[in-house]
Structures are given as structure tokens and as C-alpha cells.
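Report on the structure
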Amino acid sequence: MIELLGVSKRYDSGPGRRLIAAEDVSFTIARGEFVGLTGATGAGKTTLLNIMGAIGRPDAGTVRRDGVEVTALRGAAADRYRRTVGFVFQHGVLLSALTALDNVIAPVLPFRTGWNKRDRAADLLAAVGMAGREGALPAQLSGGERQRVAIARALINTPELLLADEPTGNVDPGSAAGILDLLAGLRIEHAMTLVLASHDPQVAARCERLIRLTGGRVTCDIQLTGGESPASILRRVGQLG
Amino acid sequence: MPLHHAVLALLAAKPAHGYELKSSFEQAVGDQWGGLNIGHLYQVLDRLSRDGLIESERQAQQVKPDRVVHRLTPAGRAELDRWLGEPAIPARGYRDDFFLKVMAAVRSGDPATLSAVLGRRRAHLLRQLHALAEARGTTSVTAVESLLITAAELHIRADLGVVDAAETTLTTDPAGAISEQSSPGMTPPQSAAGLTPPRSAAS
């Protein structure tokens, strides 16, 4: 369970100007939930993801995960926490000199692990539909393929919490649907909590719960399951006869 | 009347009786459209027959009751061709209950009422998008069904765009929203008397 309590964050945006990225944001996400953060560009989605992942720190308020106060963590403790979180960014940033396989291993390279890193990385690449492309360099991959590698990399630590920031923002619509299917499937398979930020309503609609941000505030928090049946929507939209 | 022409299109392939038409229609457009009411279909067939666009012939069956087989006439073929050659114009229009609710909310002068109307509309549309995404993902959809889902998704996205526009224009200048002097457009008016706190943005 992850809890945000009164989280606020402002950025300096030039002389005398402060941008509100988060304003007194409070919500709780239960383990295993699939939550979408939505809102226009600049509404504060990325800021909240960063704060949940301990990449950013709020000016006020606290974040707790499973009883641990994330916002109080510093140094090695914050590093340890970050290793329990998987991040997927919009651009699927990969290290250009490394192969797909080595990119997936990169986050755990400095650590002694009880398992064979190469085998696990190869398994993850297969899970994201990239079997056979282990040796490819990022430059040889399409945008959608790079994003798949980035997702595999985010999973190397078997995170309990996966934070995805516009994961389909930089790929064609066909790959976008595949990446969303992949994230939704992996979340169920690994019993992960998935928090996905997107300004695209189509992407947001894949989530089970939606939190909408406007100017850093939560303006809507709804469950998306249990809506009108697709047949009845289509009948209304189509209105044949 | 689109269903009339859909029936003509199905009969253009081969003569058929009522239940055959019902099942071939449902097969063609898929479950997603919803079932076709057989009573409605018979009304349509009567009308087409009266207009001379189809011929209906009663055929005796040995055990079962007689059945009526319908076939396209040359006039029916001509009407089908004429209809196919016309551009498809959406019949749905843009006047709906939402606009009346927005008007009522704006007139109430209470910003909370307006934002609740917009919020409920947004939540409803997003739930619909979610249901369609699920339908696309779980059922084995045919190409025509998939196109129907796409059409519905695009409509809903457009409706969401209208909610965005309403949020931008009406909640920043509700006073101008119904006054004739002001013309609320897609850009937020530069009003200092906005009901909501000024929006700031950050990424």
C-alpha cells in the first residue's frame, strides 16, 4: 500500500514565478491496483511519480509505503527503496553502447545477486516479446522495441511497484497497444502495483482506477470498472435503425 | 433510415427470409452492435416491400409454417446504389442532455455545481472508454466490430475534448458563459474574476 498525505511541490520558473506541480495531494493506492494518473501536460503527473519512487522529494507532505516513510529516507536507505520500484519512462532511455541484454542487466550490475543475471535478463526479454534480439544495440531497435527493453529492465528487480511515465508517448499506435497489454499482463503475473501516467485518455482508459490532476490538485478519482456495456455504448454511438 | 439500406445490402447478395437476415446482419456487424430486434426487422421488410424495393414471396414448407423469402427488385438495387453513393452524414447531432445540464449549472451561478456536472460527465466518458478497451482486448472481434469500437472510442474522445473545453472556458469565466456580449471560445478568457484559483502548470 502506498499513501500520499498532503503532498505539495512547487518549482521555480523564473523570477517571482512558482509553478504548482502538486498541491495538497492525498490518496492511497492498495497493493496490486492498476492506477492511471491523468491530466494535461503540466498537471503534475510526473512530479507525483517521482515522489512515489523517491526520485523527487516534496516540499510538504509525506509518502508512506507499507508503513515506511519514503519521504524520510536518505542515502543508502533511499537507494534500497528505489531498488524495489521499477521505472519506465516515455523515451525508453537505454545506454546506447550496450546490447539489449546488457541494458536489462545494468541496474543490478553492481550488486551481488543470488541468481544468474544473464538468464534472468534473457527471460525478461522473452516475456516482453524480444526473444532473439538480446544482442541488438538500441540504435538497431524501433521506438516500440526500445520501450519493451526498458520495461524488461524495470522488471529486473522484481519490483512490487512499477511506475510508468507516458510509456507509450513515443511509439506508434500499434506498438502502444502492445505495450499497454504487456504492462497490464505483467502486473497480473507479478502481482505488481502499477501506476501509469498519461495525458492520453485512451491509455488512461486501460487502467482500473483513474486519478485526474489539474494544476497539481486531484480533481477526479474514479473506478473505471463496472461501466456501461460496450454493446450499449456502440448502439448509442451507432444508432442504427 | 440506415437499417433499411443494410437490409437491401444483405438481400443484394441473395434472397433470404427474416431470420436469415437477422443472423447475417448480426454476423456482419458482430455482437458489439447488439442484437437486431426481429419485430423491427419485419416492420422494415414490410416498408421495403410496400415501396417496391423488395419482393416478398410466401413459400410453403412441409412441416414448419410457411416462410416468406425476400429478394431485391431493380428499384431496390437502384436505391441501394444511390444510398451507397451518398456521403454518410452523422444523424446523431450535437444537441444532448449534457449541454442542457451545463447551461443549468452555469445559470445556477455555483461553481461547484458546474464542476460536478463536468466531473461526472468526464468520469462517465472515461468509464465508457475503459469498457471499450476491455471489449477490444477480450473478445475475438471481427474487422467490422473493431472499426465500430474505434468509432465509439473516437466519439468519446471528442466528447472528452468538449469537457476539457468547457472546463477551460466556463470555469474561468462563468459570467461570460451565458452573456451575449461575450463569446466563449476555445481559449480561456483573461478574466481576473475566475471562480477557480488561477491555474499554474508544471511538468
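Our subject in this report is the structure included herewith. (Residues numbered from 1 in each chain as written. Chains lettered and ligands numbered in written order. Predicted model: local features only at pLDDT ≥ 70, side-chain atom pairs only at ≥ 80, totals over all residues. Heavy atoms only, no water.)

**Some remarks on the overall build of chain B**
Looking only at helices and strands, chain B has eight helices and three strands in total. Taken from N to C terminus, the helices and strands of chain B fall in the order α-β-α-α-β-β-α-α-α-α-α. Sequence separation of 24 or more characterises 50% of the internal contacts of chain B that already satisfy a separation of 6 or more. Carbon and sulfur atoms provide 57% of the accessible area of chain B, an area that totals close to 12,100 Å². (Helix = DSSP H or I, 4+ residues; strand = E, 2+ residues; numbered from the N terminus. Contact = heavy atoms within 4.5 Å. Areas by Shrake-Rupley, 256 points an atom, 1.4 Å probe, with all protein chains shown as cover.)

**Some words on the pairing of strand E9 (residues 209-214) of chain A**
Along any regular strand the residues' side chains alternate between the sheet's two faces. Residues and elements named next belong to chain A. The buried fraction of E9 is high, at six of six residues. Pairing analysis gives four bridges linking strand E3 (residues 34-38) to E9, with the strands arranged parallel. Note on E9: the bridge partner recorded for Gly36 is Leu210. Note that E9 and strand E10 (residues 217-223) share six bridges and pair antiparallel. (Buried < 20%, exposed > 50% of the residue type's maximum accessible area, 1.4 Å probe, protein only. Pairing = 2+ DSSP bridges.)

**A look at the environment of A:Asp12**
Residue and element names in this part refer to chain A. When you line up the elements, Asp12 lands in strand E1 (residues 2-12). Spatially, the C-alpha atoms of Asp12 and Ala205 are 33 Å apart, while their sequence positions differ by 193 residues. Apart from residues no more than four positions distant in its own chain, Asp12 is found in contact with Arg17 and Arg18. Within the structure, the side chain of Asp12 is placed 2.8 Å from the side chain of Arg18, a separation counted as a polar contact. (Polar contact = N/O pair within 3.5 Å; in protein donor to acceptor, adjacent residues only side chain to side chain.)

**Points about the sheet that holds strand E3 (residues 67-72) of chain B**
All names here are of chain B. Strand order across the open sheet formed by three strands is E1-E3-E2, with antiparallel pairing between neighbours. Each edge of the open sheet is held by one strand with a lone partner, namely strand E1 (16-17) and strand E2 (54-59). Sheet topology note: the E2/E3 ladder contains six bridges and is antiparallel. Residue pairing across strands places Ile54 opposite Leu72, the latter belonging to E3.

**Some remarks on unusual backbone geometry**
Residues and elements named next belong to chain A. Of note, Asp24 is a non-glycine position whose phi angle comes to about 55°, a positive value. One can find Asp24 in strand E2 (residues 18-29). The residue Ala191 is not glycine, and still its phi comes out positive at about 50°. Looking at where Ala191 falls in the secondary structure, it is placed in the loop between helix H6 (173-189) and strand E8 (193-197).

**Looking at the pattern of salt bridges**
As a working rule, side chains carrying opposite charge can pair if their charged atoms are close by. Using the criterion set out here, one finds 24 salt bridges over all chains in the structure. Among the ionic pairs, A:Arg31 bridges to A:Glu160, the shortest N-O distance being 3.8 Å. Here A:Arg31, found in the loop between E2 and E3, pairs with A:Glu160, found in the loop between helix H5 (143-155) and strand E7 (161-165); they are 129 residues apart in sequence, far enough to count as distant. Note that B:Glu167 is salt-bridged to B:Arg122, the shortest N-O span being 3.1 Å. Here B:Glu167 is found in helix H7 (residues 143-170), whereas its partner B:Arg122 is found in helix H6 (residues 111-138), with 45 residues between them in sequence. Where salt bridges share partners, they join A:Arg31, A:Arg65, A:Asp66 and A:Glu160 into one cluster. (Salt bridge = Lys/Arg side-chain N within 4 Å of Asp/Glu carboxyl O.)

**Looking at a nonpolar patch on the surface**
Residue and element names in this part refer to chain A. A surface patch of nonpolar side chains, amounting to about 260 Å² of accessible area, comprises Ile55, Phe89 and Val93. By the element assignment, Ile55 lies in the loop between helix H1 (45-52) and strand E4 (60-65). For Ile55, a relative accessible area of 45% gives the class partly exposed. (Patch = residues over 30% accessible without salt bridge, like charges linked within 9 Å, V, L, I, M, F, W, Y side chains within 5 Å.)

**Notes on the side chain of B:Thr73**
Residue and element names in this part refer to chain B. Within the fold, Thr73 resides in the loop between E3 and helix H4 (74-85). According to the relative accessible area criterion, Thr73 is buried, its value standing at 9%. Side-chain polar atoms of Thr73 contact the backbone oxygen of Gly52, separated by 2.7 Å. With residues near it in sequence (within four places) discarded, Thr73 still touches Gly52, Leu53, Ile54 and Glu55.

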